[in-house]
Amino acid sequence: MFKNNFLWGGATAANQFEGGYNLGGRGLATSDTKTNGSMNKKRKHSFLDSNGKIVYLHGSEKIPQAYQSVIDEKMYYPSHRAVDFYHRYEDDIALLAQMGFKCFRMSISWTRIYPRGNESSPNQAGLDFYDHIFDECLKYGIEPIVTLNHFDMPIYLADHQNGWLNRQTVEYFIQYCKTVFKYYRGKVKYWMTFNEINLLRGYDTLGVHEMTPARYYQALHHIFVASAKAVILGHKIDSNNQIGMMLANILTYSKTCNPRDVALELDVSRKLKYFYSDVQCRGYYPSYIVNSLKQQGITINSLEDDDNLLKNGCVDYIGFSYYNSGVVTTRKDAEMTLGNGIKMAANPYLKESEWKWPIDPIGLRISLNLLWDRYQKPLFIVENGLGANDQIAEDGKIHDEYRIDYLREHIIEMKKAVDEDGVELIGYTPWGCIDLVSAGTGEMKKRYGFIYVDMDDNGKGTLKRSCKESFYWYQKVIKSNGESL
Ligand code: P53
């Protein structure tokens, strides 16, 4: 049985959901230069312009004022309007309330609050926008769950000071956190610092041009420090605040019982996942990373107080995403699958989604146990779900029984982790509860929602919302606190 106050809900992120990218005084974010799926491969530091020519983005001498001039009005950038939550939040939240949501996970767009990132005072229109959203949620008894940073940052900080590579970005981030912690004090209790902290690699998330391993670890160190400082500050501003980390929980299996495979799996799980949660839950760099950095000849520049900050800024809970597992093998000829964008060997025991992400509900129970055993901190499944190309049937409805099956199977395993294994679980917020833009591909047709949004990969459509079959199913799940599946 789930606790009475179990947080059933759904999850979103500003850059994939909100739109209004240049409204209400919002500044340009790195994510606003991401094009859609067809451009995906080219998008890191360049894109194809409407004549098929490659245009280099940030750092290019050809475009000095990159942060202002990179947007080509002829191109389609999914974040600019996304699915227009910006104008539709009242109706959208009413639909979530109709489903019985106890909580709603969303992120604040940093550039709505500090358009360039370095201003001395915040943008009032941005503060008002989220204030209205939180009021709207609270009106229905929906607890807002807020990610402070979900895959974006002010493009100004990226292009003028190399984003997270620059220590100064920590201070600007903390200024932003302080503003929102104070402004929304009493309205928001559950926060998360950095979304999928273990997957931040690109220009959009780190704001760093020309990445190298040494630069990566330096930027990451700044992010760890920023997160720790945010936790400390958030507790000081309101001792009721619960501030979590957010881990992409990519579960890895060893392909065989060959000890070489098993040892590799241990190594991969640490480098891909546990390094990050070890720092944020235990408050120091684990020995396996300290030694690996030494071996690579990488020295991280840190300040004297950083050790204390990491120690005192441990998170209150572990928020994590879980979509699938992957198989690790020392064999080079193994058949590889693309799940999660990270290359792993295929698992013959599992089916895969249309996007080739393996489907592994038991892996969710295993993941919950691994994290619980390692840290004994409350867990919160803040993303899970099936990306599928839903079709409107002849009766005008969307019969997404495949999504219901996916979620049901995962909830069953989640329940076993709670009932049989005694894991402490705060809540469950499936990803993209209202269809939104895919982070990995920029597509719209990779849908996760209970609520359908009429829009295609190029942003065309009425944006009208309609309830899928899964909407009514999830409504019953919530009403019965997970008993009626
Ligand atoms: P999409 C990679 C691996 C695991 C989770 O992903 C990931 C990614 C990035 O694609 O992202 C998380 O949209 C992320 C969300 C994202 C969601 O998973 O590629 O926190 O922003 O939309 C699903 O299908």
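Rules of the game
- Residues numbered from 1 in each chain as written.
- Predicted model: local features only at pLDDT ≥ 70, side-chain atom pairs only at ≥ 80, totals over all residues.
- Heavy atoms only, no water.
- Helix = DSSP H or I, 4+ residues; strand = E, 2+ residues; numbered from the N terminus.
- Rg over C-alpha atoms; globule rule 2.2 N^0.38 Å.
- Buried < 20%, exposed > 50% of the residue type's maximum accessible area, 1.4 Å probe, protein only.
- Areas by Shrake-Rupley, 256 points an atom, 1.4 Å probe, with all protein chains shown as cover.
- Lys, Arg positive; Asp, Glu negative; His and termini not counted.
- Charge placed at Lys NZ, Arg CZ, Asp CG, Glu CD.
- Expected span 1.5 Å × (residues − 1).
- Bend = angle between axes of the 7 residues up to and from the residue.
- Polar contact = N/O pair within 3.5 Å; in protein donor to acceptor, adjacent residues only side chain to side chain.
- Near = heavy atom within 4 Å.
- Nonpolar A, V, L, I, M, F, W, Y, C, P; charged D, E, K, R; others polar.
- Pairing = 2+ DSSP bridges.
- Axes fitted to C-alpha atoms, helices over the stretch in contact; angles between N-to-C directions.
- Disulfide = S-S within 2.5 Å.
- pLDDT = per-residue confidence, 0-100.
- Contact = heavy atoms within 4.5 Å.
- Patch = residues over 30% accessible without salt bridge, like charges linked within 9 Å, V, L, I, M, F, W, Y side chains within 5 Å.
- Salt bridge = Lys/Arg side-chain N within 4 Å of Asp/Glu carboxyl O.

**Concerning the overall build of the protein**
In terms of regular secondary structure, the protein is built from 16 helices and 16 strands. Radius of gyration (C-alpha) of the protein: 21 Å, near the 23 Å computed for a compact globule of 485 residues. Dimensions of the protein along its principal axes, counting C-alpha atoms only, are 55 × 55 × 50 Å. Counting across all 485 residues of the protein, residues that qualify as buried make up 60%. Summed over all atoms, the accessible surface of the protein reaches about 19,700 Å², with 49% contributed by carbon and sulfur. Each charge class in the protein was averaged separately, 57 positive and 58 negative side chains, and the resulting centres sit 3 Å apart.

**What to know about helix 11 (residues 259–282)**
Compared with an ideal rise of 1.5 Å per residue, which puts 24 residues at 34 Å, helix 11 spans 28 Å between its outermost C-alpha atoms and falls more than 12% short. The sharpest bend along helix 11 comes to roughly 55 degrees, located at tyrosine 274. In this structure asparagine 258 caps helix 11, since a side-chain oxygen of it lies 2.9 Å from the backbone nitrogen of arginine 260. Two residues or fewer after helix 11 comes glycine 283, characterised by a positive phi angle close to 90 degrees.

**So, the environment of isoleucine 426**
Examined against the element boundaries, isoleucine 426 turns out to sit in strand 14 (residues 425–428). Judged by relative accessible area, isoleucine 426 falls into the buried class, the value being 9%. Along the backbone, isoleucine 426 and glycine 440 are 14 residues apart, and their C-alpha atoms lie at a distance of 27 Å.

**What about the site of the ligand?**
Near the ligand, the surroundings consist of 16 residues, among which Gln16, Glu383, Ala439, Lys446 and Tyr448 are the closest. At a separation of 2.9 Å, an oxygen atom of the ligand approaches a polar side-chain atom of asparagine 195. Between the ligand and the protein, one listed contact pairs an oxygen atom with a side-chain N or O atom of glutamate 383 at 2.7 Å. Look at the ligand: alone it shows 480 Å² of surface, and the protein chains cover 93% of it. A per-class count over the shell around the ligand returns 7 nonpolar, 6 polar and 3 charged.

**A short note on the sheet that holds strand 9 (residues 317–321)**
The parallel closed barrel is built from 8 strands, whose spatial order is 1-4-5-6-7-9-13-14. Sheet twist, expressed as the average angle between the axes of neighbouring strands with direction ignored, equals 30 degrees. Here strand 7 (residues 242–248) pairs with strand 9 via 5 bridges, running parallel. In the strand pairing of strand 9, leucine 247 is matched with phenylalanine 320.

**Looking at the state of the cysteines**
Under the counting rule described, the total for this entry stands at 0 disulfides. The thiol sulfur of cysteine 103 is not disulfide-bonded, and the nearest other cysteine sulfur, from cysteine 433, lies at 9.2 Å.

**A few points about the environment of leucine 272**
Here leucine 272 shows up in helix 11. Each C-alpha atom of the pair leucine 272 and asparagine 249 lies 8.9 Å from the other, and the pair is 23 residues apart in sequence.

**Here's the deal with unusual backbone geometry**
The phi angle at glutamate 196 is positive, at roughly 40 degrees, despite the residue not being glycine. Tracing the chain through its elements places glutamate 196 in the loop between strand 6 (190–194) and helix 9 (203–206). Positive phi, close to 65 degrees, is recorded for lysine 356, a residue that is not glycine. By secondary structure assignment, the location of lysine 356 is in the loop between strand 12 (344–345) and helix 14 (361–375). Relative accessible area serves as the criterion here: at 47%, lysine 356 is assigned to the partly exposed category.

**Section: the confidence of the model for the protein**
Low pLDDT marks stretches whose predicted atomic positions should not be read closely. Per-residue confidence for the protein gives a mean pLDDT of 91; residues scoring 70 or more make up 91%. In the predicted structure, residues 38–69 sits below a pLDDT of 50 and forms 61 contacts with residues beyond four places in sequence or in another chain. Here the predicted complex carries an ipTM of 0.96, next to a pTM of 0.93.

**Some words on the pairing of strand 7**
Counting buried residues along strand 7, 6 of its 7 residues qualify, which places the element largely inside the surrounding structure. Alignment of strand 6 against strand 7, held across 3 bridges, turns out to be parallel. Each bridged residue has a counterpart across the sheet, and for methionine 192 the counterpart in strand 7 is glycine 244.

**Some remarks on the side chain of serine 438**
Structurally, the position occupied by serine 438 is in the loop between strand 14 and strand 15 (451–453). A polar contact of 3.2 Å, which involves the side chain of serine 438, links it to the backbone nitrogen of glycine 440. Excluding its chain neighbours within four sequence positions, the residues that come into contact with serine 438 are Gln16, Glu443 and Lys446.

**Quick word on helix 14**
Over its 15 residues, helix 14 extends 22 Å from the first C-alpha to the last, a length consistent with the 21 Å expected when each residue adds 1.5 Å. One or two residues past the end of helix 14 sits glutamine 376, with phi positive at roughly 50 degrees.

**With respect to a nonpolar patch on the surface**
Together, Ile362, Ile366 and Leu370 make up a nonpolar patch on the protein surface, roughly 230 Å² of accessible area in all. When you line up the elements, leucine 370 lands in helix 14.

**Thoughts on the pairing of strand 10 (residues 325–328)**
Taking every second residue as pointing to the same face, both faces of strand 10 are buried, with Ser325 and Val327 on one and Gly326 and Val328 on the other. The pairing of strand 8 (residues 251–254) with strand 10 spans 4 bridges and is classified as parallel. Bridged to serine 254 within strand 10 is valine 328.

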